[in-house]
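Residue-level structural notes
Here's the letter readout for the chains.
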Protein chains: 2
Amino acid sequence: MSVAHTEVTHEATPAAHLGPCGEDDCGIRDVLDRLGDKWTVLVVVELSKGTRRFRELQRAIPGISQRMLTVTTRRLTRDGLISRTQYPTIPPQVDYDLTVIGRSLAGAVFALSDWSREHKDAIATARADWDAQNDGI
Amino acid sequence: MSVAHTEVTHEATPAAHLGPCGEDDCGIRDVLDRLGDKWTVLVVVELSKGTRRFRELQRAIPGISQRMLTVTTRRLTRDGLISRTQYPTIPPQVDYDLTVIGRSLAGAVFALSDWSREHKDAIATARADWDAQNDGI
DNA sequence: CCGTATCCGAGATGATACTG
DNA sequence: CAGTATCATCTCGGATACGG
């Protein structure tokens with residue numbers, strides 16, 4: 001669903017760190033289109049603990065529907081972030097696992113997770129203050 | 001600034017990092033609820049370059065509507081991630097800036113951005129392969 | 001067990017017009 | 001300039017039922 005702005009006539013520079021980021025792609029949009037949905041990150045995190053079967057994932061991630069687990073795993077598989085191994089047994093068995101590239105993503109995700117835990121309280125406080133100031137409205 | 005991509009050592013690392021993550025809060029959901037929308041990250045990235053006025057932000061982020069910029073900046077302000085300074089001039093002027101905590105978030109975001117640039121090609125390839133295999137569908 | 005298919009409601013977003 | 005208000009649209013995701 002990426003941002004649909006047409007084109008920016010700025011010459012695309014390699015951009016060390018902060019290139020024309022707001023202007024066009026700093027790539028960040030790509031990642032968030034991938035991680036921004038409700039379940040992807042949880043699947044990645046769960047798989048970072050080891051191989052999981054379909055059912056195991058569903059049990060490990062309370063609230064996810066069968067449909068969304070299918071959709072999420074398929075998207076991740078398509079992007080090469082997780083591997084899907086199907087055994088033609090009866091009943092069927094499918095194993096999911098992070099790929100190498102998927103594990104590197106998990107690393108970046110954990111960095112964000114750390115950030116969240118670190119600042120959760122500060123944010124809650126700021127939010128409470130803000131709400132206190134604008135309550136009567 | 002880059003929060004090093006801490007390689008996830010698979011099963012070797014038990015729950016040092018990951019609490020009952022799939023269950024409910026590993027905190028990661030909080031961050032993604034905040035960053036997952038279409039514009040928040042772009043605003044944060046733009047503000048990481050310095051102070052910006054409302055209009056400047058809008059020009060720097062092509063495609064964002066006035067409404068969504070208002071909504072996005074207000075949310076970030078509420079969470080204490082950016083500061084809003086209003087000058088009672090005519091015409092009005094409002095400056096936005098990252099707070100300290102907002103800048104630390106920008107750091108984590110850049111880590112993700114790095115990851116994206118690093119693996120963009122690999123993902124595109126994987127996706128093309130997958131699409132090739134499942135073309136007729 | 002592992003998916004697919006269909007329907008449908010909620011929330012996010014865009015377009016547009018108006019205000020201080 | 002910096003919003004606010006309103007309405008139309010569109011995608012995501014949940015519920016449910018069926019299939020291999």
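See above for the structure.
A brief look at the structure comes next.

Each value, and the rule that gives it
Residues numbered from 1 in each chain as written. Chains lettered and ligands numbered in written order. Predicted model: local features only at pLDDT ≥ 70, side-chain atom pairs only at ≥ 80, totals over all residues. Heavy atoms only, no water. Near = heavy atom within 4 Å. Polar contact = N/O pair within 3.5 Å; in protein donor to acceptor, adjacent residues only side chain to side chain. Pairing = 2+ DSSP bridges. Helix = DSSP H or I, 4+ residues; strand = E, 2+ residues; numbered from the N terminus. Contact = heavy atoms within 4.5 Å. Axes fitted to C-alpha atoms, helices over the stretch in contact; angles between N-to-C directions. Nonpolar A, V, L, I, M, F, W, Y, C, P; charged D, E, K, R; others polar. Parallel < 35°, antiparallel > 145°, perpendicular 65-115°, else oblique. Left-handed = near helix turned anticlockwise from the far one by under 90°. Expected span 1.5 Å × (residues − 1). Buried < 20%, exposed > 50% of the residue type's maximum accessible area, 1.4 Å probe, protein only. Arc of directions from axis to C-beta.

Around DNA strand D lies a shell of 20 residues, among which Arg67 of chain A together with Gln66, Arg74, Arg84 and Tyr96 of chain B are the nearest. In DNA strand D, atoms within 4 Å of the protein come 58% from sugar and phosphate. Between DNA strand D and Lys38 of chain A there is a distance of 2.8 Å, counted from a phosphate oxygen to a backbone nitrogen or oxygen. In this structure, a base nitrogen belonging to DNA strand D sits 2.5 Å away from a side-chain N or O atom of Gln66 of chain B.

All names here are of chain B. One open sheet accounts for three strands, arranged E1-E3-E2; its pairing is antiparallel. Where the open sheet ends on each side, the last strands, each with one partner, are strand E1 (52-53) and strand E2 (82-87). When E2 meets strand E3 (residues 93-98), the two strands line up antiparallel, connected through six bridges. Residue pairing for E3: Thr85 is matched across the bridge by Asp95. Taken strand by strand, helix H4 (residues 66-78) contacts E2 and E3, and its axis lies near 110° from that of E2.

Residues and elements named next belong to chain A. Reading across from one edge, E1-E3-E2 is the order of the three strands in this open sheet, with antiparallel pairing throughout. The open sheet is flanked by strand E1 (52-53) and strand E2 (82-87), the only strands paired with a single partner. Where E1 lies against strand E3 (residues 93-98), two bridges are found, and the strand directions are antiparallel. Considered in E3, the bridge of Arg53 is made with Asp95.

Around DNA strand C, the structure places 20 residues, and the nearest of them are Gln66, Arg74, Arg84 and Tyr96 of chain A together with Arg67 of chain B. What you see for DNA strand C is that sugar and phosphate hold 61% of its atoms within 4 Å of the protein. A distance of 2.8 Å is found between a phosphate oxygen of DNA strand C and a backbone nitrogen or oxygen belonging to Arg55 of chain A. Between DNA strand C and Pro92 of chain A, the relevant distance is 3.4 Å, taken from a sugar or linking oxygen to a main-chain nitrogen or oxygen of the residue. The greatest single-element share of the surface near DNA strand C, amounting to four residues, is contributed by helix H4 (residues 66-78) of chain A. Along the lines of polarity and charge, the residues of the surface near DNA strand C split into eight nonpolar, three polar and nine charged.

It is worth spelling out the packing of helix H5 (residues 100-133) of chain A against helix H5 (residues 100-133) of chain B at this point. One can describe the packing of H5 of chain A onto H5 of chain B by two numbers: an axis separation of 10 Å at closest approach and a directional angle of 170°. With respect to H5 of chain B, the axis of H5 of chain A lies roughly antiparallel. For the pair H5 of chain A and H5 of chain B, the sense of crossing is left-handed. Contact residues: H5 of chain A offers Ile101, Ser104, Leu105, Ala108, Leu112, Trp115, His119, Ala122 and Ile123 of chain A, while H5 of chain B offers Ile101, Ser104, Leu105, Ala108, Leu112, Trp115, His119, Ala122 and Ile123 of chain B. A per-class count over the contact of H5 of chain A with H5 of chain B returns 14 nonpolar, four polar and no charged.

For the α-helix, the turn length of 3.6 residues means that residues three or four positions removed from each other point alike. A rise of 1.5 Å per residue sets the reference length of H4 of chain A, with its 13 residues, at 18 Å; its end C-alpha atoms lie 18 Å apart and thus fit the reference within 8%. The set of residues buried in H4 of chain A consists of Leu69, Thr72, Thr73, Leu76 and Thr77 of chain A. End-on view of H4 of chain A: buried residues confined to an arc of 130°, all on one side of the axis. In the core, the buried residues of H4 of chain A are packed alongside helix H2 (40-47), helix H3 (54-60), E2 and E3 of chain A together with H5 of chain B. Of the residues trailing H4 of chain A, Gly80 of chain A is marked for its positive phi of about 75°.

Just geometry here; none of it tells us what the structure is for.
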